Amino acid sequence: MTRMNGRAAAGSRHGSPAPFARPCAFSPVAALLLALAFFASPPLGAQHIPTPESVLGFVPGSDTKLVEWPVLVQYYRALAEASDRVEYRELGRTTNGVPFVALVITSPENMARLDEIREINAQLADPRTIASDAERIRLLREGKTIVLITSSIHSTEVGGHLSPTVIAHRLASAGTPRILEILDQTVVLLVPSLNPDGVTIVSRWYNQTLGTPAEGTRPPELYHHYVGHDNNRDWYAFTQVETQLTVDSLHNVWHPQIVHDIHQQGQFGSRFFLPPFLDPVEPNVDPLIVSGFNTLGTYIAWEMTGQGKKGIVVSATYDAWTPARAYQHYHAGVRILSETASARLATPVNVAPGMLHGRRGFDARTASWNFPVPWEGGRWTLADIVDYQSSGALALLQHAAANRTVWLGNFLAIGERAVRGWDDWPYAFVIPRSGQNETALRGMLRILRRGAVEIRTARAAFEVADESYPAGTYVIVLRQPYAAFAKALLEHQDYPDLRLYPGGPPRPPYDVTAHTLPLLMGVEVATAAESIAVDLSDPVTIHAPRPRYDAVTSATAGMPRVGLYKSYTAAMDEGWTRWVFDTWAVPYESVVDSVIRAGDLRSQFDVIVIPRMSAPAIEAGLPESYPEPYAGGLGSRGVGQLARFVEDGGTLVTLDDASAWAIDAFDLPLRNTIDGLEPQEFYAPGSIFRLALDPGHPVSQGMPAQTIAWFQNSPTFEVLDSARVQVIGRYPEDPGDVLLSGWVLHPEKVAGKAALVEVSLGRGRVVLFGFRPQYRGQTVVTYPLLFNSLMRGTN
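As the structure is a computational prediction, the values presented were derived from the model and not from experiment.

Novice: Is there a simple way to explain the overall build of the chain in this structure?
Specialist: Each helix and strand counted, the chain has 23 helices and 33 strands in total. Its C-alpha atoms give the chain a radius of gyration of 27 Å, within 12% of the compact-globule value 28 Å for 795 residues. Counting only contacts in the chain whose residues sit at least 6 apart along the sequence, the fraction spanning at least 24 positions is 80%. With the model as given, the accessible surface of the chain reaches about 27800 Å², and the carbon-plus-sulfur share is 50%. The centroid of the 66 positive side-chain charges in the chain is displaced by 4 Å from the centroid of its 80 negative side-chain charges.

This is the structure in structure tokens:
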């Protein structure tokens, strides 16, 4: 880990907090400069603190101005060299090998006792380490509020590239009482980008296309090497290196009371979102955490409205159901999500009043209790974005500083409740060691350990529900600080039946509705109501060697030549498939539109995989505003070449939505039975279904007769010609047996329907998955179905 910090005058710490700057009729850049001048008014002798402009070459928020990651790193290093309030830390390297950076920002006095502050917070995070009431009082008196601010995980949200420079500079240079109180009472951990690779990808694309019809468009590649936008759905599976670095080096070391996650949203809704979140809140989130994000989000909205900022909404659009976006909610802290309206990357937009529209929980054209001052429309710029984001962050920090004792006291109370165990919690989860898939078992346990869950082993044999378990069985006792994280991931989800209005269509969740690791990974887990004697020495350490799929590595027929379709529309499912193939050592070659359109595919590949994509994305691709070679998709020529590939003996594997496309594209004798159904007729927005397999089919080789399918409004199949179609997997005949975890309306629409089929076409075959067998790198239990489908290319 690289560390760096310098020295600068600290300034006076006396006087009452100054109000935030009030609005004026300046341009957005002028207003931002005024705000910068106010907050960054330097103490005497500190004028040598570098401004962002001095390194970037422009004021952050200037129209059409973006820089790549190395320039931003240069600024943060310069800031740390000049200021004794800032320490630069390189936590590791990203997926593409660039520095992953965090800044520690606090007063020089706190900086001198940083290790002590961290140790105090570690004790507050685990009440079992506090020996007495006197020690408890001392820790609460001497501790500081730890605030983790993360930005730019989604790299097209370009305000997040630049707002951290403004926030860091203000904290490093300003001498106002308000800033000095923040520095005295908090330790700020600032991650300028959770996805540095994407900062460069997006900025480079923007600068290359500036002044062309493609200005302000998304790049024709994923802005995270593997997972694109889904990098913010990785906060319990921990598949990506950037997630791992953040959890291992910051969350689990510093245990922040507050995590502020800076994001952007669409152009035509509110200007700024803050919690409270919509219902449902995941039931294992402590009520004090819920009260905390309600209070803090509303405070920030109040503060910013007082500054004259319009269009701020709370309690709308976003829910707090999935732990995939909220690690801290299961680790005694609150997550404050902010979402600022976007421009066209760094290009301003003009939003006419009639373009504003309603979202879940409010109407952007009408004042309401949670949206008191609408924005009337007009010009919206990157400077506005940076202004709102930096103002929101500073308001959050002021609350964290002014209410330090409340934040620390509630943080400790949450931990104390967890180690006592909630009234309705079982005593423990029991995980057998024998009869499990070792890779899946170790993978699941390693996820839990990375989430700071303590895993013990039973000291003696015991029984649970008339089932006997030997000594050495893994036991997760739900009387520990992060028991809620374990419980959320190990139990089945029962998502509530929420409607837009009584009797109306379902109210969509913001993300998905299920996250049950034992089902996703194929691991047996039991629940114990009574206490179990466990080994109380250090928790179990889990070693998980690099996985390899046996059926691929030991294939006697030779490895197939696999092509993975990589569209310039940049599908996240393609990235996840690439990640699974790379992680499990499956050889493949990425195949772009032009290669498929050129034909002669059978001489190059035995198998081609089409990841989850819609029919328009596959065939039409990107619009003509994109330069060559990015515009267009497969087109009719590409579809024809794929058909010829299969007819000549190739195997085409289609995943989820791509299977619905394949039915029409190749005139296959199948019907998608949910096609055309309205949400109130059938709905399953990310759930785990039960799947019965034909054990005699090669694609099911090595699989049990019953498994799962990750279903996300996916296609289901009715067979129209049984002579050409083999059903490999189908859903149960009884609608009550379909759902295992999550939410489904009218399961009878899919009961008994085929979910995985193989269709003959000429001398080849099409294997159609009506689900995602490699969903977000989590469905380890169904990876073999995908891998076996590749091996059909050798038959």
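Novice: How do you make sense of the sheet that holds strand β17 (residues 456-457) when you look at a structure like this?
Specialist: Strand pairs in the sheet, formed through backbone hydrogen bonds, run parallel or antiparallel to each other. Taken together, 4 strands build an open sheet; the order of strands is β17-β20-β16-β21 and the sheet is antiparallel. The open sheet has two edge strands, β17 and β21 (526-528), and neither has a second partner. Taken together, the 4 bridges between strand β16 (residues 428-431) and strand β20 (residues 474-477) define a ladder with antiparallel strand orientation. Residue pairing for β20: Val 430 is matched across the bridge by Val 475.

Novice: When you look at empty space enclosed by the protein in this model, what are you seeing that I'm missing?
Specialist: Sizing a probe to match a water molecule and rolling it over the atoms shows the empty space that remains. The final tally for this structure, using the stated rule, is 7 cavities of 30 Å³ or more. Every residue along the wall of the largest cavity is listed here: Thr 150, Leu 194, Asn 232, Trp 235, His 251, Val 259, Asp 261, Arg 325, Ala 326, Tyr 327, Gln 328 and Arg 335. One number sums up the size of the second largest cavity: a volume of about 90 Å³. Lining the second largest cavity are 13 residues, and of these Asp 286, Ile 414, Ala 418, Pro 481 and Ala 484 lie nearest its centre. For the lining of the second largest cavity, a count of residues per class yields 9 nonpolar, 3 polar and 1 charged.

Novice: Whenever I open this one, the side chain of Ser 789 confuses me. Can you help?
Specialist: When you line up the elements, Ser 789 lands in helix α23 (residues 783-791). At a separation of 2.5 Å, a polar atom in the side chain of Ser 789 contacts the main-chain carbonyl oxygen of Leu 786. For Ser 789, the contacting residues outside a window of four places in its chain are Thr 651, Val 653, Val 699, Val 767 and Phe 769.

Novice: What is the right way to look at the environment of Ala 585 in this model?
Specialist: Within the secondary structure, Ala 585 is located in the loop between α18 (572-583) and β23 (589-591). For Ala 585 and Arg 546, which are 39 residues apart along the polypeptide, the C-alpha to C-alpha distance reads 9.0 Å. Once residues within four sequence positions are removed from consideration, Ala 585 is found in contact with Arg 546 and Arg 548.

Novice: I tried to follow α23 on my own but got confused; where do I start?
Specialist: Each α-helix turn comprises 3.6 residues. Residues three or four places apart therefore point the same way. Taken across its 9 residues, α23 has 9 buried, putting it largely inside the fold. Looking at α23, one finds that the buried residues are Tyr 783, Pro 784, Leu 785, Leu 786, Phe 787, Asn 788, Ser 789, Leu 790 and Met 791.

Novice: I'm lost on the confidence of the model for the chain in this one. Help?
Specialist: Low pLDDT means the predicted atomic positions in that stretch should not be read closely. Across the chain, the average pLDDT comes to 93, with 93% of residues at or above 70. Counting contacts from residues 7-26, a segment whose pLDDT is below 50, to residues more than four positions away or on other chains yields 53 contacts. Every residue in residues 34-40 is under pLDDT 50, and counting partners more than four places away or in other chains gives 20 contacts.

Novice: It is not clear to me how the pattern of salt bridges should be interpreted in this structure. Could you clarify?
Specialist: Should the charged atoms of two oppositely charged side chains come close, the side chains can pair. In the structure shown here, the tally under the stated rule is 39 salt bridges. Linking Arg 612 and Asp 657 is a salt bridge whose minimum nitrogen-to-oxygen distance equals 3.7 Å. In this pair, Arg 612 sits in the loop between β24 (607-610) and α20 (615-619) while Asp 657 sits in helix α22 (residues 657-665), placing the two residues 45 residues apart along the sequence. The residue Asp 648 makes a salt bridge to Arg 644 at a minimum N-O spacing of 3.8 Å. Residue classification places Asp 648 among the partly exposed positions, given a relative accessible area of 30%. We classify Arg 644 as exposed; its relative accessible area is 52%.

Novice: Any chance you could explain the packing of helix α14 (residues 438-450) against helix α15 (residues 483-490) here in plain terms?
Specialist: If you want to describe how two helices pack, look at the angle between their axes and the distance between the axes. With their axes 10 Å apart at the nearest point, α14 and α15 run at an angle of 150° to one another. Read as a crossing pair, α14 and α15 show a hand that is right-handed. Where α14 approaches α15, its residues Met 444, Ile 447 and Leu 448 are matched on the opposing element by Phe 485, Ala 486, Leu 489 and Leu 490. When its residues are assigned to classes, the contact of α14 with α15 shows 7 nonpolar, no polar and no charged.

Novice: Sorry, what's going on with the nonpolar core here?
Specialist: Nonpolar side chains tend to gather and get buried jointly when the protein is soluble and globular. By size, the foremost hydrophobic cluster in this structure holds 201 residues, and its most contacted members are Leu 171 and Ile 476. Here the element with the most residues in this core is helix α12 (residues 382-402); it accounts for 11 residues. Look past the residues within four positions of Ile 476 in its chain and what remains in contact with it is Tyr 427, Ala 428, Phe 429, Ile 431, Leu 448, Val 453, Glu 454, Ile 455, Ala 486 and Leu 490. In terms of nonpolar packing, the next biggest core, distinct from the first, is built from 33 residues, Ala 571, Ile 618, Leu 652 and Leu 768 among them.

Novice: I tried to follow the packing of aromatic side chains on my own but got confused; where do I start?
Specialist: Centre-to-centre distance and the angle between the planes together describe a pair of aromatic rings. Going through the model one piece at a time under the given rule, you end up with 34 aromatic pairs. A centroid spacing of 4.7 Å and a plane angle of 50° characterise the contact between Phe 273 and Tyr 318, whose relative ring orientation is tilted. Placement of Phe 273 in strand β7 (residues 272-274) and of Tyr 318 in the loop between β9 (312-314) and β10 (319-320) is noted, with a sequence separation of 45 residues between them. Pair check on accessibility: Phe 273 and Tyr 318 agree, each one buried. Measuring from centroid to centroid gives 5.4 Å for Trp 661 and Phe 666, while their planes differ by 75°, and the two rings are edge-to-face. In this pair, the class of Trp 661 matches that of Phe 666, namely buried. Taken together, the ring pairs in this structure connect Phe 273, Phe 277, Phe 293, Tyr 318 and Tyr 510 into an aromatic cluster. Seen from the ring of Tyr 388, Lys 309 lies directly overhead, with NZ or CZ sitting 5.9 Å from the centre. A cation over a ring is seen here: Arg 417 above Trp 422, with NZ or CZ 4.1 Å from the ring centre.

Novice: Can you help me understand the packing of helix α11 (residues 287-306) against α12 in this one?
Specialist: With their axes 9 Å apart at the nearest point, α11 and α12 run at an angle of 125° to one another. Between α11 and α12, the angle is such that the two are oblique. Note on packing geometry: the crossing formed by α11 with α12 is right-handed. Of the residues in α12, those touching α11 at Thr 295, Leu 296, Tyr 299, Ile 300, Glu 303 and Met 304 are Tyr 388, Ser 391, Gly 392, Ala 395, Leu 396, Gln 398 and His 399. Of the residues in the contact of α11 with α12, the class split is 7 nonpolar, 5 polar and 1 charged.

Novice: What is the right way to read the pairing of strand β4 (residues 145-151) from this model?
Specialist: The two faces of a sheet get side chains in turn, since along a regular strand they alternate between them. Within β4, 7 of the 7 residues are buried, leaving the element largely enclosed by the surrounding structure. Going residue by residue along β4, you find Thr 145, Val 147, Ile 149 and Ser 151 tucked away on one face and Ile 146, Leu 148 and Thr 150 tucked away on the opposite face as well.

Novice: What is the right way to read the side chain of Thr 577 from this model?
Specialist: Take Thr 577: it is sitting in helix α18. Among the residues examined, Thr 577 registers a relative accessible area of 0% and is labelled buried.

Novice: Any chance you could explain the environment of Arg 359 here in plain terms?
Specialist: Tracing the sequence through the fold places Arg 359 in strand β13 (residues 358-359). Remark: the alpha-carbon pair of Arg 359 and Ala 316, spanning 43 residues in sequence, is separated by 7.4 Å.

Novice: What is the right way to read the environment of Glu 467 from this model?
Specialist: In this fold, Glu 467 is placed in strand β19 (residues 467-469). A C-alpha to C-alpha distance of 9.5 Å links Glu 467 and Ala 526, two positions 59 residues apart in sequence.

Novice: Explain unusual backbone geometry to me, please; I cannot follow it from the model alone.
Specialist: Trans is the prevailing form of peptide bonds, just as negative phi is the prevailing case for residues other than glycine. Residue Asp 279 is joined to Pro 280 through a cis peptide bond whose omega torsion reads 5°. Note on placement: Pro 280 falls in strand β8 (residues 278-281). In this structure, the amide linkage connecting Glu 628 to the following residue, Pro 629, adopts the cis form with an omega of 5°. By the element assignment, Pro 629 lies in the loop between α20 and α21 (635-647). A positive phi angle, close to 70°, is found at Ala 452, a residue other than glycine. Structurally, the position occupied by Ala 452 is in the loop between α14 and β17. Exposure remark for Ala 452: the relative accessible area of 22% places this residue in the partly exposed category.

Rules used in this analysis
- Residues numbered from 1 in each chain as written.
- Predicted model: local features only at pLDDT ≥ 70, side-chain atom pairs only at ≥ 80, totals over all residues.
- Heavy atoms only, no water.
- Helix = DSSP H or I, 4+ residues; strand = E, 2+ residues; numbered from the N terminus.
- Rg over C-alpha atoms; globule rule 2.2 N^0.38 Å.
- Contact = heavy atoms within 4.5 Å.
- Areas by Shrake-Rupley, 256 points an atom, 1.4 Å probe, with all protein chains shown as cover.
- Lys, Arg positive; Asp, Glu negative; His and termini not counted.
- Charge placed at Lys NZ, Arg CZ, Asp CG, Glu CD.
- Pairing = 2+ DSSP bridges.
- 1 Å grid on protein atoms, 1.4 Å probe; cavity = no way out; pocket = protein on both sides within 12 Å on 5 of 7 lines; lining within 4 Å.
- Points joined across faces, edges and corners; volume = space filled by probe spheres on them.
- Nonpolar A, V, L, I, M, F, W, Y, C, P; charged D, E, K, R; others polar.
- Polar contact = N/O pair within 3.5 Å; in protein donor to acceptor, adjacent residues only side chain to side chain.
- Buried < 20%, exposed > 50% of the residue type's maximum accessible area, 1.4 Å probe, protein only.
- pLDDT = per-residue confidence, 0-100.
- Salt bridge = Lys/Arg side-chain N within 4 Å of Asp/Glu carboxyl O.
- Axes fitted to C-alpha atoms, helices over the stretch in contact; angles between N-to-C directions.
- Left-handed = near helix turned anticlockwise from the far one by under 90°.
- Core = buried A, V, L, I, M, F, W, Y, C linked by side-chain atoms within 4.5 Å.
- Phe/Tyr/Trp six-rings, centres within 6.5 Å; stacked < 30°, edge-to-face > 60°.
- Lys NZ or Arg CZ within 6 Å of the ring centre and 35° of its normal.
- Parallel < 35°, antiparallel > 145°, perpendicular 65-115°, else oblique.

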